[in-house]
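Observations on chain architecture
One-letter residues, chain by chain:
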Amino acid sequence: MKHYNIPIFISHFGCPNDCVFCNQKKINGRETDVTTEDIKSIIETYLKTLPKKSKKEVAFFGGTFTGISIKLQEEYLAVVYEYIKKGFVDGIRLSTRPDYINKEIVDMLKKYGVTTVELGVQSLDEQVLIQTHRFYPMEKVYIASRLIKEAGIELGIQLMLGLPGSSDESDFLSAIKTVELKPDIARIYPTLVIKETEMADMFKKGRYIPLSLNEAIKRCKKIYSLLDYNNINIVRVGLQPTEELNDNENVLGGPFHPAFRELVVGEIYYDFLKKINDIEEKLEVETNERNVSKIVGINKINREKLGKNLKIKINNTMKIDAIKVNEKIYSWKQVLRGEIDEPSNNKYQ
Ligand code: SF4
């Protein structure tokens, strides 16, 4: 069944923190606070257009939901819960900081039908957390994740790549620790320098150098491969290109690309095919047509790099999570791991 989010933006509301990369108002495109009447009106508007037979969740984006007063959290959630009880809405998703989760809060979220909590973890490197002004002990991430999972609520982890103080190794280590937390979903955001943030000042003074697009793709593909290999559903890679972020004036630096995920997945295919090409000197690929654009890459970059050796034949009887190269079938997991030695059997066809 198709899934739809009914998005409600809570602008920086309730968040007393000042993470160096954050300017919520610029990111979510909304500057005003939200009333319960707003919530009702947004839900009603969406319900008029969304198909009846679909999974619908109200998603509180932006800010730090569980950082606002308990009274207001309950008021917001109670509005949505009425729609859940009537069967018009199936659940609630929200995002928050790891240090704003405790047992009482999780019990309250559960009571109102919250189905997913995404933790803005960003990094699991203490030094990076300090340099980005996220002053909480790492332990908080482990405790919050455990409480959410124990309550039977879906756990999401958001990671940022290229934050001040990070390196290839530290970002990858954060991903390894993320796998240990066993989240259901993840989002990966390459760090952008947004206007009117502390990082914007650091950038202007030369105290922060953002990743280039190529560096970000290189860093991200390892992390994407690790998370995907471990069955974590990666729901987003790269920042949502909202209208304001498409306006160059608000992004001062960093690897912004509207199709960042496609660039990353294309690179994963490229690395895998190059390995085979280096040994077998031919690439006769057979694949479901839904994979073709990923294999040839954005602007056909992989086709350009792999040259005339790359020949692609469409075979829609093949599963989407498999690829045949030079008569051997490989699963997507083998592609993710770059395992070219042991092709899988034909269960993928
Ligand atoms: S990133 Fe989250 S916790 Fe940090 S300042 Fe922004 S809203 Fe607050």
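Just so you know, these numbers come straight off a predicted model, no measurement behind them.

Concerning the sheet that holds strand 13 (residues 328–331)
Pairing within the open sheet is mixed, and its four strands lie in the order 11-10-12-13. The outermost strands of the open sheet, each flanked by one partner alone, are strand 11 (310–314) and strand 13. Across the sheet, the mean angle separating the axes of adjacent strands is 25° when strand polarity is ignored. By the bridge criterion, five bridges tie strand 10 (residues 283–287) to strand 11 in an arrangement that is parallel. Note on strand 11: the bridge partner recorded for glutamate 286 is lysine 313.

Observations regarding the sheet that holds strand 5 (residues 154–161)
With parallel pairing, seven strands are arranged side by side in an open sheet as 1-2-3-4-5-6-8. At either end of the open sheet lies a strand with only one pairing partner, and these are strand 1 (3–9) and strand 8 (233–237). Each neighbouring strand pair of the sheet contributes to a mean axis angle of 20°, computed without reference to strand direction. The sheet strands contacting helix 7 (residues 168–180) are strand 5 and strand 6 (185–190), and the helix crosses strand 5 at an angle near 175°.

Some points on the domain arrangement of the protein
Under the domain assignment, the protein is made up of domain 1 (3–257) and domain 2 (265–348). Counting from both sides, the interface comprises six residues of domain 1 and, opposite them, five residues of domain 2. In the side of domain 1 that touches domain 2, the residues fall into three nonpolar, one polar and two charged.

Focus on helix 4 (residues 103–111)
Burial in helix 4 covers these residues: Ile105, Val106 and Leu109. In a view along the axis of helix 4, the buried residues occupy a sector of 100°, so they form one face of it. Of the exposed residues in helix 4, those oriented more than 90 degrees away from the buried face are Lys103, Glu104, Asp107 and Lys111. The secondary structure elements touched by the buried residues of helix 4 are strand 4 (114–122) and helix 6 (139–150). Glycine 113 sits one or two positions beyond helix 4 and adopts a positive phi of about 85°.

Observations concerning the environment of isoleucine 148
Turning to its location among the elements, isoleucine 148 is positioned in helix 6. A tally of 28 C-beta atoms within 10 Å means that isoleucine 148 is categorised as buried. Each C-alpha atom of the pair isoleucine 148 and threonine 116 lies 8.6 Å from the other, and the pair is 32 residues apart in sequence.

Thoughts on the nonpolar core
Membership of the largest hydrophobic core comes to 91 residues, with the highest contact counts inside it found for Ile188, Cys220, Val264 and Leu273. Looking at this core, the element that brings in the most residues is helix 11 (residues 260–280), giving ten residues. Residue contributions to this core reach at least three from each of two domains, namely domain 1 (3–257) and domain 2 (265–348). Setting aside anything within four residues of it in sequence, one finds cysteine 220 in contact with Leu161, Ile188, Pro190, Val237 and Val264.

With respect to the packing of helix 2 (residues 36–49) against helix 3 (residues 70–85)
Relative to each other, helix 2 and helix 3 sit at 30°, their axes nearing to 9 Å. Between helix 2 and helix 3, the interaxial angle falls into the category roughly parallel. You can see that helix 2 and helix 3 cross each other, and the crossing is right-handed. Residues Thr36, Ile39, Lys40 and Ile43 of helix 2 form the contact with helix 3, whose own contacting residues are Glu75, Tyr76, Val79, Val80 and Tyr83.

Conventions we followed
- Residues numbered from 1 in each chain as written.
- Predicted model: local features only at pLDDT ≥ 70, side-chain atom pairs only at ≥ 80, totals over all residues.
- Pairing = 2+ DSSP bridges.
- Helix = DSSP H or I, 4+ residues; strand = E, 2+ residues; numbered from the N terminus.
- Axes fitted to C-alpha atoms, helices over the stretch in contact; angles between N-to-C directions.
- Contact = placed C-beta atoms within 7 Å.
- Domains from an automatic or database assignment.
- Nonpolar A, V, L, I, M, F, W, Y, C, P; charged D, E, K, R; others polar.
- Buried ≥ 20, exposed ≤ 12 C-beta atoms within 10 Å, placed from the backbone.
- Arc of directions from axis to C-beta.
- Core = buried A, V, L, I, M, F, W, Y, C linked by C-beta atoms within 7 Å.
- Parallel < 35°, antiparallel > 145°, perpendicular 65-115°, else oblique.
- Left-handed = near helix turned anticlockwise from the far one by under 90°.

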